[in-house]
Every structure is written in C-alpha cells, then in structure tokens.
Amino acid sequence: MNTEQLNEITGRVFNIQFFCVHDGTGIRTTVFLKGCPLRCLWCHNPEGISKDVHLSFSENKCLRCGACAAVCAAHKMTDGRHTVERSECTLKGDCVKVCPTEALSIVGRDITVGEVVGEILRDKKFYADSGGGATFSGGEPAMQPEFLFALVKATKAEGINVAVETSGCAPYRVYESLLPYVDTFLFDCKETNPELHKKFTGVDNKLLTDNLRKLHDAGASILLRCPIVPGLNDRDEHFQGLAKLSKELPNLIGVELLAYHKLAASKSGRMGLAVQDEYEPPSPEVKAEWNAKLEAYGANVFDA
Ligand code: SF4
Ligand code: SF4
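Reading guide: rules and limits
Residues numbered from 1 in each chain as written. Chains lettered and ligands numbered in written order. Predicted model: local features only at pLDDT ≥ 70, side-chain atom pairs only at ≥ 80, totals over all residues. Heavy atoms only, no water. Helix = DSSP H or I, 4+ residues; strand = E, 2+ residues; numbered from the N terminus. Rg over C-alpha atoms; globule rule 2.2 N^0.38 Å. Buried < 20%, exposed > 50% of the residue type's maximum accessible area, 1.4 Å probe, protein only. Contact = heavy atoms within 4.5 Å. Areas by Shrake-Rupley, 256 points an atom, 1.4 Å probe, with all protein chains shown as cover. Lys, Arg positive; Asp, Glu negative; His and termini not counted. Charge placed at Lys NZ, Arg CZ, Asp CG, Glu CD. Salt bridge = Lys/Arg side-chain N within 4 Å of Asp/Glu carboxyl O. Near = heavy atom within 4 Å. Nonpolar A, V, L, I, M, F, W, Y, C, P; charged D, E, K, R; others polar. Polar contact = N/O pair within 3.5 Å; in protein donor to acceptor, adjacent residues only side chain to side chain. Axes fitted to C-alpha atoms, helices over the stretch in contact; angles between N-to-C directions. Parallel < 35°, antiparallel > 145°, perpendicular 65-115°, else oblique. Left-handed = near helix turned anticlockwise from the far one by under 90°.

Undergrad: Give me the overall build of the protein chain: which residues, what numbers.
TA: Across its full length, the protein chain holds 12 helices and 12 strands. For 304 residues, the compact-globule formula gives about 19 Å, and the C-alpha radius of gyration of the protein chain, at 21 Å, lands near that figure. Projected onto its principal axes, the C-alpha positions of the protein chain cover 60 × 50 × 35 Å. By the burial criterion, 48% of the 304 residues in the protein chain qualify as buried. Of all intrachain contacts in the protein chain linking residues separated by at least 6 positions in sequence, the fraction that spans at least 24 positions is 69%. As displayed, the protein chain has an accessible area near 14,200 Å², and 52% of this comes from carbon and sulfur atoms. The average position of the 34 basic charges and that of the 40 acidic charges among the side chains of the protein chain differ by 2 Å.

Undergrad: Provide a residue-level description of the pattern of salt bridges, including the pertinent values.
TA: A full pass over the atoms with the stated rule returns 19 salt bridges. A salt bridge links Glu88 to Lys76; the nearest nitrogen and oxygen atoms lie 3.3 Å apart. One end of the pair, Glu88, is in the loop between strand 5 (81-84) and helix 3 (94-98); the other, Lys76, is in strand 4 (residues 75-78), and 12 residues separate them in sequence. Lys76 sits in the partly exposed class, given a relative accessible area of 29%. Here Arg213 ties to Glu248 by a salt bridge, and the two come within 2.9 Å at their closest N and O atoms.

Undergrad: With reference to specific residues and values, describe the site of ligand 2.
TA: In the vicinity of ligand 2, the residues found are Cys36, Leu38, Arg39, Cys40, Cys43, His44, Gly139 and Lys190. For the shell around ligand 2, a count of residues per class yields four nonpolar, two polar and two charged.

Undergrad: Can you lay out the side chain of Ser167 for me, pointing to particular residues and giving the numbers?
TA: Its place among the elements puts Ser167 in the loop between strand 9 (161-166) and helix 7 (172-178). Overall, Ser167 belongs to the buried group, its relative accessible area being 4%. A polar side-chain atom of Ser167 sits 3.3 Å from the main-chain amide nitrogen of Cys169. Discounting residues that sit within four places of it in the chain, Ser167 has contacts with Leu38, Glu140, Phe187, Asp188, Lys190 and Leu208.

Undergrad: Please give an account of the packing of helix 4 (residues 113-121) against helix 6 (residues 145-157) that cites residues and values.
TA: It is the contact of helix 4 with helix 6, at a shortest axis distance of 10 Å, that shows an interaxial angle of 45 degrees. Comparing their axes, helix 6 and helix 4 come out oblique. As for how helix 4 packs across helix 6, the hand of that crossing is right-handed. Contacts between helix 4 and helix 6 pair Val113, Val116, Val117 and Ile120 from the former with Phe147, Ala150, Leu151, Ala154 and Thr155 from the latter. Of the residues belonging to the contact of helix 4 with helix 6, the class tally is eight nonpolar, one polar and no charged.

Written as structure tokens, this is what we have:
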C-alpha cells in the first residue's frame, strides 16, 4: 500500500490530545481510538469503550438558555431544568453548534489517517526538543487493526517516535504487523490472578499474557503499565505476580504502577452511560508504598 492509500484509510477516534506527558517519553500527541473488548470496573476512558458516537452533555456548564431545544426535540426544558432524551438524538450535532457554553459535544468522529498525521505533525518541533512523539491509545486501538496499522506506519514514515498503548486483547498477528513501526508498547497488566482478571475486566487474561510474552520475545520495547485500584488489585499477591512477570521478561523497560483516579464517573454521566463504582484514590504516600513493595519483590520498577 502506498502512502496515498494509507492516508485515505478511515477510522473512529474520540479524542486527539496535545502536549501529553504521561503517555510515553517527552511531549506527545495522543490519539484515542474508539472501541474496547474489555469492561474494566474502573475504566478511566468510558467514552472509548463503545465504537458508537455519543452526545455529551455537561449540566454544570448549561445556562438553560433553550437554544439547543429550539433546534432539536431531544432537548427538553421543563420547569427550568434541561434534560436530554437520548432516544430522540440523531447525533447530527445541530445543538452543539448553537450552544454558547460548549456544554454539548459529540464524542467520536470518523477521520482519515492523513488527517490524524496532519494533527500529529503540528507539534513536530516539540517532539524533537523533548524526545516525544505520538501515542495511539483508546479504548483498545487494536480493535481497529487496519486503521491502527496505517496510523503507525504513516506516522513513523514522518520520522516521529511512535508508542501504542494496549491491553493486549487482539490476535497476535495485529501486534506482529505493528512491530517494525512501534518504538514502545505501553502494555497494560490489570490483574495477574486469572479469575480476578476476568472478574475485573470481563475477559480472560490468557491471550493478553501470551501476546505480552510473544512481543517481548520478538524484541519489542515494552513498558508494563498497571492500573492499581484500592480495594481491587492493591493486593500483595498481585504485586508478587507483577514482580514474577518482570523477572520472567527481563527486557521490559519496567513495571509502572498507575494510581486510580476518579475522573471517569463524571464522563459516563455526561454521555448517559452507566456510571461505574467509585474507589478511593490513593495518597502519594500509599503509591510510594506500592512501588517499594513491588521493588522488594524483585520487579524492575519504573516510576516516571
Ligand atoms: S444550548 Fe447549551 S447552554 Fe443552552 S440550554 Fe442547551 S446545553 Fe444549555
Ligand atoms: S481497557 Fe481501557 S478502555 Fe477498555 S475497559 Fe479497560 S480501562 Fe476502559
């Protein structure tokens, strides 16, 4: 496939975020692809789970001016209160255009590879100065394998450092095809106990762990990223499991613990999705204790 053909491939994203500093080295542009086969109880990107497009409504930004209700019957103004009847929403976005406060937005859009790469190139200078680049995340980006492949190939062809953040939940051939173009895989490990992995994420962890081992053995540069949620996987047994993996996979960049945060619940509510349970975010001291424990068990801890 030549560059022109690659650039014409279309996929669905829900965000392109600039100046990210937590998605790999340096300053990065992170492209979030829609769709995910997992259902993590704590999902931090609920807008990325479904491949569907959503209308997001932030009630706290709403002035109750009625402009949206004047252009679309899905918006109801009753007794000074604004509600959205989602079954009547066509997702055409007429309401978004007339809202004076950006209380409304459409989450999810179809975009070509050429357009995404154009966005990424806007900050090329910052990548060079900071050792950054582009990160493809989600959702699970490997859920759109042709689009992801074209994105990493076209981005790499521009001389930009490429990272892919993945849960590992896709056929290995998808990852194998990406290998020549990806500088770093940010590979999630959400739970090392198989039964609990299924309980916390809805999927078996065998395929994910097999993919991790195969990628490691194929020479990929991998940072293992592990969300830790108090009350779920902040257990010694899990930290020991991560240390065991770290020792079995000596070429990992390291094991990075990511502390749970609460931002997701408000996002779900804005899109009319089921709101997840909330957990108590850990203090910096607790996170430091987790890292110390992991290190004591013999893991190669990565603490950015
Ligand atoms: S147009 Fe915006 S600010 Fe006005 S009622 Fe609708 S959501 Fe609220
Ligand atoms: S893998 Fe990520 S996007 Fe998918 S459900 Fe889990 S946290 Fe959410």
